[in-house]
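Each chain, letter by letter, is given below.
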Amino acid sequence: MYRPRRQLYLLLFLATAAAVSYGQGTRTYIAVVSSPYPPLFKKAKYAVGAGPVSIVVADFNGDGKPDIATANRDSSTVSILINNGDGTFRTHVDYATGNSPSQLVVGDFNNDGKADLAVANGYNSISILPGNGDGTFGQRIDTLLQGAGSLSAYDLNNDGKLDLVVGPADVSLLGNGDGTFQAPVSFHLYYGGTLSYVLVTQLNGLDLVGVMNDFFPHKIEELAAEGGGTWLNYSELFTNQPAKYGQLAGGDINGDQFGDIAASWFGENEVFLCLSNSDGILNCGNSYKVGTGPIGIALADLTGDNLLDVVTANSGSNNISFLRGHGDYTLGPLTNYAVGKVPQSVAVADFDGNGRQDVAVANSGDGTVTTLLQNTVALSAFSLSFGKQAVGTTSPAKTVTLFNAGLSILHISKISTSGDFSLQSNGCGTTLASGASCKLSVVFKPTVAGTRTGGLFVADDALGSPQRISLSGKGI
């Protein structure tokens, strides 16, 4: 399930968008039932501009519901998807940026209480798109800056105005509070080089962390804030690994009130956890396999147990990976979900207002966003494989558990199978109470030789009905 790694003392970079809410709208908290099983999603796909490589979520029109923005590298635009309020989205509206935008961050850069966007463009400029608060954006404000590839937003000097740290330019830009910035304040790494990715975060004090992927051996850097946008090179680590890192997500993974990190390891197809302590030093240990080429990563509670789980966008396998967090230093079994082509960035928010966290993924290979709305029904397995079975004979039964993670009674109208599979026992009946589970047993009786496929279907009043479990076996 995992293999231990040596201790590291730093981290990488967070390009993953957290669900940030701006504007006048408020969102009512909805209690949820903790699910012991991986999330079950209903997927939808929405067109955006060409080559979306970064995704953020925020309330752009003040209705209290999270909307979506993507930075589209190949069309040099930002696409805005406004939430209809039920987790579906309107047709995208595009806004021009500089050439080849690589990353988005969201924040109030002109101090009007409305969500704006900052865009890193092709390593030569930064664009601020000021939000109007109604889902539209005003005339962009450009700042020329060589090396603008990665952004992190924070009020560095505590003046109430949002600032930016930019890599690999390796500068801080102090905000003027109107969408413009003061002259760049440069910082330097002790042994030279630049930060490919940057993150300003609170470990136990304000830190700037980043990773250098531009030459071997790859380095992880920590710089401590000195005030006014200046940074002191605090520590540096040579990983001595040929495989490049991806991105980072930050949060309190183990509940000790100190900031921790989950990092995607692009070259190893893994994620690893880095836990902080009172001195702000991160200790990185266990790593876990995910899909191929993980880039984007998010930390969020997808199962309703108040513990942070991990989601990665895997560019090489066209899927996302879910790993359940246990509230300590470990992650649960791997579950993958197919999305679009070459997913590079992932964001998490409750798009449909049912109290459970949903996922949005920017698919750079097909110009789309995949949304995965989380169901209030969960399944112990998404597929059952029966292996080889003699034609005309019945296999031993395999069992799947249906769990109602919703707050109301689940009404079940029909349970059925297809193919050479039949329901041996049904412990579910017609209703299932909130927080309750029931079991369904299926057998396989092949009618002919060869691979046989089918499904187990549960028709109910939950999202995405009927719920489907894929069935397979081979007749011999």
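Reading the values: rules and limits
Residues numbered from 1 in each chain as written. Predicted model: local features only at pLDDT ≥ 70, side-chain atom pairs only at ≥ 80, totals over all residues. Heavy atoms only, no water. Helix = DSSP H or I, 4+ residues; strand = E, 2+ residues; numbered from the N terminus. Buried < 20%, exposed > 50% of the residue type's maximum accessible area, 1.4 Å probe, protein only. Contact = heavy atoms within 4.5 Å. Areas by Shrake-Rupley, 256 points an atom, 1.4 Å probe, with all protein chains shown as cover. Pairing = 2+ DSSP bridges. Disulfide = S-S within 2.5 Å. Axes fitted to C-alpha atoms, helices over the stretch in contact; angles between N-to-C directions. Salt bridge = Lys/Arg side-chain N within 4 Å of Asp/Glu carboxyl O. 1 Å grid on protein atoms, 1.4 Å probe; cavity = no way out; pocket = protein on both sides within 12 Å on 5 of 7 lines; lining within 4 Å. Points joined across faces, edges and corners; volume = space filled by probe spheres on them. Polar contact = N/O pair within 3.5 Å; in protein donor to acceptor, adjacent residues only side chain to side chain. pLDDT = per-residue confidence, 0-100. Phe/Tyr/Trp six-rings, centres within 6.5 Å; stacked < 30°, edge-to-face > 60°.

Caption draft 1: Focus on the overall build of the protein. The helix and strand tally for the protein stands at zero helices and 38 strands. The buried share of the protein, taken over its 476 residues, is 56%. Relative to all contacts within the protein whose residues are 6 or more apart in sequence, the contacts with residues 24 or more apart total 53%. Carbon and sulfur atoms provide 51% of the accessible area of the protein, an area that totals close to 17,700 Å².

Caption draft 2: Main features of the environment of Gly353. Within the element layout of this structure, Gly353 appears in the loop between β27 (343–349) and β28 (358–363). Put simply, Gly353 and Lys65 are 288 residues apart on the chain and 7.9 Å apart in space, counted from C-alpha to C-alpha.

Caption draft 3: Representation of the sheet that holds strand β14 (residues 185–186) within the structure. Here four strands make up an open sheet; going across it, the order is β11-β12-β13-β14 and the pairing antiparallel. At either end of the open sheet lies a strand with only one pairing partner, and these are β11 (148–154) and β14. Two elements, β11 and strand β12 (residues 163–168), share six bridges in a ladder whose sense is antiparallel. Directly across from Tyr154, in β12, lies its bridge partner Asp163.

Caption draft 4: Representation of the state of the cysteines in the model. Using the criterion set out here, one finds one disulfide in the structure. The disulfide partner of Cys428 is Cys438, and the S-S distance across this bridge is 2.0 Å. In this structure the cystine formed by Cys428 and Cys438 twists about its S-S bond by roughly 90°; its chirality is therefore right-handed. Here the residue Cys428 occupies a position in the loop between β34 (421–426) and β35 (431–432), and Cys438 occupies one in strand β36 (residues 437–444), the gap between them amounting to ten residues. The class for Cys438 is buried, based on a relative accessible area of 5%.

Caption draft 5: Spotlight on unusual backbone geometry. Residue Gly167 is joined to Pro168 through a cis peptide bond whose omega torsion reads -5°. Its location among the elements puts Pro168 in strand β12. With an omega of 0°, the peptide bond between Ser465 and Pro466 qualifies as cis. Tracing the backbone through its elements, the reader meets Pro466 in the loop between β37 (450–460) and β38 (467–475). Its identity is not glycine, yet Asp170 carries a phi of approximately 55°, on the positive side.

Caption draft 6: A look at the sheet that holds strand β3 (residues 52–58). The sheet built from four strands is open, its strands ordered β3-β4-β5-β6 with antiparallel pairing. Only two strands of the sheet have a single neighbouring strand rather than two, namely β3 and β6 (93–96). Across the sheet, the mean angle separating the axes of adjacent strands is 20° when strand polarity is ignored. Relative to β6, strand β5 (residues 77–81) is paired through four bridges, and the arrangement is antiparallel. Considered in β6, the bridge of Ile80 is made with Val93.

Caption draft 7: Quick look at the pattern of salt bridges. By the definition in use, this model includes six salt bridges. Note that Asp142 is salt-bridged to Arg140, the shortest N-O span being 2.9 Å. The exposure class assigned to Arg140 is partly exposed, which follows from its relative accessible area of 28%.

Caption draft 8: Layout of empty space enclosed by the protein. Counted by the stated rule, this structure contains three cavities of 30 Å³ or more. Considering the residues around the second largest cavity, the lining is formed by 13 residues, among which Ser35, Pro39, Arg356, Gln374 and Ala378 are closest to the centre.

Caption draft 9: How the structure looks around the side chain of Ser395. Position of Ser395 among the secondary structure elements: in the loop between β31 (383–389) and β32 (398–404). Given a relative accessible area of 6%, Ser395 falls into the buried group. Setting aside anything within four residues of it in sequence, one finds Ser395 in contact with Phe386, Gln389, Val443 and Phe444.

Caption draft 10: Highlighting the side chain of Gln467. Looking at the element boundaries, Gln467 is found in strand β38. Using a relative accessible area of 3% as the deciding quantity, one classes Gln467 as buried. Polar contacts involving the side chain of Gln467 include one to the main-chain carbonyl oxygen of Leu463, which spans 3.3 Å. Look past the residues within four positions of Gln467 in its chain and what remains in contact with it is Leu40, Asn375, Val377, Leu379, Leu456, Phe457, Val458, Asp460 and Ala462.

Caption draft 11: Looking closely at the environment of Ala347. Along the chain, the position of Ala347 falls in strand β27. Separated by 292 residues in sequence, Ala347 and Ile55 have C-alpha atoms that sit 6.5 Å apart.

Caption draft 12: Focus on the pairing of strand β22 (residues 282–289). Of all eight residues making up β22, seven are buried, and the element is well covered by its neighbours. Looking at chain direction, strand β21 (residues 270–276) and β22 are connected through six bridges and run antiparallel. Looking at β22, one finds that Ser276 is bridged to Leu282. Between β21 and β22, which pair antiparallel and follow one another directly, the connecting turn spans five residues, one of which, Gly280, has a positive phi of 80°.

Caption draft 13: Molecular detail of the confidence of the model for the protein. Looking at the protein, pLDDT values average 88 and 89% of them are 70 or higher. The low-confidence segment residues 1–29 (pLDDT under 50) makes 128 contacts with residues lying over four places distant or belonging to another chain.

Caption draft 14: Broad picture of the packing of aromatic side chains. Tallied over the entire structure, the rule returns twelve aromatic pairs. Taken together, a centroid distance of 4.9 Å and an interplanar angle of 75° make the contact between Phe41 and Tyr337 edge-to-face. Residue Phe41 is located in strand β2 (residues 41–47), and its partner Tyr337 is located in strand β26 (residues 331–338); the two are separated by 296 residues in the primary sequence. Looking at Tyr337, the relative accessible area reads 8%, which means it is buried.

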